[in-house]
Amino acid sequence: MTSPETVKWISRIVVFALLTGLGLWCAKKLTTGGNGERRFGKALFASLKMRARVLVLVASGSLAVAALLPLADLSSSTAAIFHNVLDILWIVLAAWAATTGLNVIADLTHWKYDLNVEDNYGARQVHTKIRIFQRVLLVLIWLVALAGILMLFERFRALGGTLLASAGIASVVLGLSAQKTFGAIIAGVQVALSNPINIDDVVIVEGEWGRIEEITFTYAVVRIWDLRRLIVPLTYFLERPFQNWTRSKADLIGSVFLHADYTVPVDDMRQELERICEESRHLWDGKTCTMQVTDAGPETITLRALVSAANSSAAWDLRCLVREKLVAYLRDNHPGSLPRKRLRMHAEKDKDGLEY
């Protein structure tokens, strides 16, 4: 094998060996931290070690084939085929290595920014951006790899030039047919940059309450409270109004409405609400706990209790608990203040003076 060829193949092996060693070293360093770091580091180290074995095996085989080719009595066309196959293999390996590095970065980010904390707004933003851009970069990496493989062949280079020269109507038709697809991908990038939604956001979409479970190139998956999944195009979140309960913070104020008779002791009800909130510290965040008379109808008045919680799930549970306990308190302590209809009967007399 000629000297330039030797240098080319050895340089490839050295670069891949250095990158693989760097990845293994980073994973190994993680195993010396705390319990969480050690668990994550061990899993990452095992994953990289497996990929390193495959990489070294394939690279060694490629180097051996490249070294033996000049010794074999092959025609120039056959040798060119072997060289093209080896070049394709190295392009695929490079794309695979880039994909692996991208996945490692994503895993490190997901591990560093934990979603299982109470105030996870920043983590949800990071997860959303990483997931969207990871998918975009993966597509670009393999498109570049495919283009590199095609450029190895003279026929495809000539075909590509011919196609570019005669784009004309075909490019217009292709652009029109792919308009929605490209628009959806651009919408995904807009969502990642502007953050109208993030992973694990609580939203109301099409009248359904749920959490953002997944964000892809073109759509988002909303996990509804009863475990159904609502598939929503990303353009929906850019073009139509929707409710996002955790846009900047997760805490919420919930309301509970009660209808009671005009004789209800509002002060007693207000004190009972405060007592319920104090006993429900696992749900109530200690900020808002108040009761007001918000309406006076022909037969009943409307009491509105406002209570706050750290997140939407706690707010829902707290509202249900407050409603249940206030109804029980009203029933047990002031039954006369329950909603009722009043009917007054007047005695009338007939023509003979008799009442009926």
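Residues numbered from 1 in each chain as written. Predicted model: local features only at pLDDT ≥ 70, side-chain atom pairs only at ≥ 80, totals over all residues. Heavy atoms only, no water.

A.B. asks: Got a sec to walk through the pattern of salt bridges? Specific residues and values, please.
C.D. replies: When charged atoms on two side chains of opposite charge get close, those side chains can pair. Per the counting criterion, the structure on display carries 14 salt bridges. Arginine 331 is the partner of aspartate 332 in a salt bridge, and the nearest nitrogen-oxygen pair spans 3.1 Å. Through salt bridges with shared partners, a single network forms among Glu208, Asp226 and Arg228. (Salt bridge = Lys/Arg side-chain N within 4 Å of Asp/Glu carboxyl O.)

A.B. asks: Go over the sheet that holds strand 2 (residues 208-215), please, and point to the residues and values.
C.D. replies: Read from one edge of the open sheet, five strands run 4-3-2-1-5, paired in antiparallel fashion. Of all the strands in the sheet, just strand 4 (229-233) and strand 5 (243-244) have a single pairing partner and so form its edges. The pairing of strand 1 (residues 202-205) with strand 5 spans two bridges and is antiparallel. Paired with valine 203 across the bridge in strand 5 is asparagine 244. (Pairing = 2+ DSSP bridges. Helix = DSSP H or I, 4+ residues; strand = E, 2+ residues; numbered from the N terminus.)

A.B. asks: Outline the packing of aromatic side chains, supporting the account with residue identities and numerical values.
C.D. replies: The relation between two aromatic rings is expressed through the spacing of the ring centres and the mutual angle of the planes. Counted according to the given criterion, the structure contains three aromatic pairs. Here tyrosine 236 and phenylalanine 237 contribute two aromatic rings whose centre-to-centre distance is 5.7 Å and whose plane-to-plane angle is 75°, an arrangement assigned as edge-to-face. In this structure, tyrosine 236 and phenylalanine 237 share a single accessibility class: buried. Plain terms: the ring middles of phenylalanine 237 and phenylalanine 242 are 4.9 Å apart, the flat faces sit at 85° to each other, and that makes the pair edge-to-face. Members of the aromatic cluster, joined through ring pairs, are Tyr236, Phe237 and Phe242. (Phe/Tyr/Trp six-rings, centres within 6.5 Å; stacked < 30°, edge-to-face > 60°. Buried < 20%, exposed > 50% of the residue type's maximum accessible area, 1.4 Å probe, protein only.)

A.B. asks: Requested: an account of helix 10 (residues 312-333), with residues and values cited.
C.D. replies: Helix length check: helix 10, at 22 residues, gives a terminal C-alpha distance of 31 Å against a target of 32 Å (1.5 Å per residue), a fit within 8%. Buried residues along helix 10 sit against strand 1, strand 2, strand 6 (252-260), helix 9 (266-279), strand 7 (284-296) and strand 8 (301-309). Its side-chain oxygen at 3.2 Å from the backbone nitrogen of serine 313, asparagine 311 defines the N-terminal cap of helix 10. (Expected span 1.5 Å × (residues − 1). Contact = heavy atoms within 4.5 Å. Polar contact = N/O pair within 3.5 Å; in protein donor to acceptor, adjacent residues only side chain to side chain.)

A.B. asks: How would you summarise the packing of helix 9 against helix 10 if you had to cite specific residues and measurements?
C.D. replies: For the pair helix 9 and helix 10, the least separation of the axes is 10 Å and the interaxial angle reads 140°. Overall, the two elements helix 9 and helix 10 adopt an arrangement that is oblique. Taken as a pair, helix 9 and helix 10 cross one another with a handedness that is right-handed. Mapping the contact onto sequence places Asp268, Met269, Glu272, Leu273 and Ile276 in helix 9 and Val322, Lys325, Leu326, Tyr329 and Leu330 in helix 10. Here the contact of helix 9 with helix 10 is built from residues that sort into seven nonpolar, no polar and three charged. (Axes fitted to C-alpha atoms, helices over the stretch in contact; angles between N-to-C directions. Parallel < 35°, antiparallel > 145°, perpendicular 65-115°, else oblique. Left-handed = near helix turned anticlockwise from the far one by under 90°. Nonpolar A, V, L, I, M, F, W, Y, C, P; charged D, E, K, R; others polar.)

Read these as geometric descriptors, not functional statements.
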